[in-house]
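# Structural features, examined
Residues per chain, in single letters:
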Amino acid sequence: MKRITAVLLRAGVFAAVLLALWALLTLSAAVPNDSIYGNMLSSAEYYMETEPFQGEGQLRMRQDNYADAILLNVAWNMGSGLPFSSALDTKYYDGGERGENYGLYCSVTENAAPNTDYTRYWHGMSALIRPLMLVTDVRGIKLIGEISAFLLLALNCALLLKKRQFFAAGAVPAAFLCVHIWDIGLAMEYQPAVLITLLLLPLYILMEKKDGALPLLAVISGTMIAFFDFLTAETLTILIPLLTVFIIRKQEGRAVSLRGNVLMIADCGGAWLLSYAGTFLVKWGAASIAAGENKFLAAITSAEVRMYGSAEQLSPAEQFFAAPLANISTLFGGTSRLDWGAVTAGILISAAVTGAVFYLFHDRERFDRSFTLTMLILGALPFVRFFLLNNHSYLHEFFTYRALASSILAVFAAVWFPLRFGRKKSSAKGGKKHGRA
């Protein structure tokens, strides 16, 4: 009975959150296009002067104008027709041979009829973009998103410091800095995963002692990222919070067995995954009703391409292993998808520094096998994502690599806590651990 109640509660939270987000998207579609025309035109003219993918040098600095132009095009077309149906039957004009940037300009200036279906995503960013277009254009929106990320990061840091979680207060921002959080200002589409993670993280921190609350937060995380994101670094929204929770518990001497940790990961991860998948299924079903045609087939076909489609004449086996390597290459400043110099130097230097610190300062009495394995399990999950969606992870490594922030945080924690200065020794009585980093 208790289990049934928990399932029903999670289902209720899922439904409530998704309905609220859906209502927000519908309300934004009701904003008249005439009232946002000026800033939409300014944005369209801006993209007419840019390449679809802009930026030289390190791939992490690539500006995805292609994705942003499509997002704005979808958002603009939501203003046509009835808000309820147009928020679900999402489409845009692709610009023909001249491309998506031109397509956006034609949509805004000539009311070009949309010719490309894009119902496989919710495009929840439109719920924010259309109201923001009342006051600023795309450059202002990108700046607002970037500033918001740093403010939220500071808020989380302050909350952790208040709880005297000094290691976490330093490690969480450091992990995001390692994946160049400041670069999310290059494109609107880079921002949802980071913003949602940092927006919900305080709730995980405040409620980490309540095991029953964590799966509910996971439901909210999975629903929100599926609604706002389009496959960028979605795993951040569950892995960063779980890592932070385990770090807090370890710091306060409340770490449990590996089995208990794995069960919690499975419970929260399962709640996140079901909510994530459920959000997409609801969109495809609702869009099918709104458009009067089956939208499932096109969405599933696209998903298959993201998982198994071939890229750059790579064999399936080559692409399978190239996907995580491409993300590592980007993390370490690669200038091409498989910059072997960046991959080799990055891995060797990181391993040498980490190994040296651990060798010189580790204390066997402080080594906690259960905690270390928990960190390694969570830190490995972004690579599972890279393997499963290898086509997408290889082609879009310039933004999917930010998922490695959770892997970096996991390594930080696994190395830090066994160090002699990582935390105070356990008390002599009963082995209960005290002290803080």
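Residues numbered from 1 in each chain as written. Predicted model: local features only at pLDDT ≥ 70, side-chain atom pairs only at ≥ 80, totals over all residues. Heavy atoms only, no water.

### Focus on the overall build of the protein chain
Scanning the protein chain for helices and strands turns up 19 helices and 4 strands. A compact globule built from 437 residues should have a C-alpha radius of gyration of about 22 Å, and the protein chain, at 23 Å, falls within 12% of that. Seen through its principal axes, the protein chain has C-alpha atoms that stretch 75 × 55 × 40 Å. Here the analysis covers contacts within the protein chain between residues at least 6 apart in sequence; of these, 78% occur between residues at least 24 apart. Surface summary for the protein chain: the accessible area is close to 19000 Å², and the carbon and sulfur share equals 67%. Of the charged side chains in the protein chain, 37 are positive and 32 negative, and the gap between their average positions amounts to 19 Å. (Helix = DSSP H or I, 4+ residues; strand = E, 2+ residues; numbered from the N terminus. Rg over C-alpha atoms; globule rule 2.2 N^0.38 Å. Contact = heavy atoms within 4.5 Å. Areas by Shrake-Rupley, 256 points an atom, 1.4 Å probe, with all protein chains shown as cover. Lys, Arg positive; Asp, Glu negative; His and termini not counted. Charge placed at Lys NZ, Arg CZ, Asp CG, Glu CD.)

### Description of the packing of aromatic side chains
With the rule as written, the count across this model stands at 26 aromatic pairs. Ring geometry for F230 and F399: centres 5.6 Å apart, planes at 35°, overall tilted. Here F230, found in the loop between helix 10 (213-228) and helix 11 (236-251), pairs with F399, found in helix 18 (residues 397-400); they are 169 residues apart in sequence, far enough to count as distant. Summarising the burial analysis for this pair, F230 and F399 share the class buried. Cation over ring: R62 sits above F398, and NZ or CZ is 5.1 Å from the ring centre. (Phe/Tyr/Trp six-rings, centres within 6.5 Å; stacked < 30°, edge-to-face > 60°. Buried < 20%, exposed > 50% of the residue type's maximum accessible area, 1.4 Å probe, protein only. Lys NZ or Arg CZ within 6 Å of the ring centre and 35° of its normal.)

### Brief notes about the environment of Q63
With respect to the helices, strands and loops of the structure, Q63 is situated in strand 2 (residues 63-64). Sequence separation between Q63 and T50 is 13 residues, and the spatial gap between their C-alpha atoms is 9.7 Å. Excluding anything up to four places from it in sequence, Q63 contacts Y46, P52, F53, Q54, K142, L186 and Y190.

### Some remarks on unusual backbone geometry
Negative phi characterises most residues that are not glycine, and trans characterises most peptide bonds. Phi is positive for N111, close to 50°, though the residue is something other than glycine. Residue placement: N111 occurs in the loop between helix 5 (100-110) and strand 4 (116-117). With phi around 60°, R164 is a residue other than glycine that occupies positive phi space.

### A few points about empty space enclosed by the protein
Taken as a whole, this structure holds 3 cavities of 30 Å³ or more when the rule is applied. Here the largest cavity defines a volume of roughly 40 Å³. Looking at the lining of the largest cavity residue by residue, the class counts come to 6 nonpolar, 2 polar and 2 charged. (1 Å grid on protein atoms, 1.4 Å probe; cavity = no way out; pocket = protein on both sides within 12 Å on 5 of 7 lines; lining within 4 Å. Points joined across faces, edges and corners; volume = space filled by probe spheres on them. Nonpolar A, V, L, I, M, F, W, Y, C, P; charged D, E, K, R; others polar.)

### What about a nonpolar patch on the surface?
The grouping of Y359, L360, F361 and F421 at the surface amounts to a nonpolar patch, some 460 Å² of accessible area in total. Of note, F361 is situated in helix 15 (residues 340-361). (Patch = residues over 30% accessible without salt bridge, like charges linked within 9 Å, V, L, I, M, F, W, Y side chains within 5 Å. Salt bridge = Lys/Arg side-chain N within 4 Å of Asp/Glu carboxyl O.)

### Some words on the nonpolar core
In terms of nonpolar packing, the biggest core is built from 98 residues, with F176, Y204, I247 and M375 touching the most fellow members. With near-sequence residues (within four places) excluded, I247 lies in contact with Q165, F167, A168, F371, M375, L409, A413 and F417. Within the second largest apolar cluster, 20 residues are counted, among which are V31, L104, V108 and I129. (Core = buried A, V, L, I, M, F, W, Y, C linked by side-chain atoms within 4.5 Å.)

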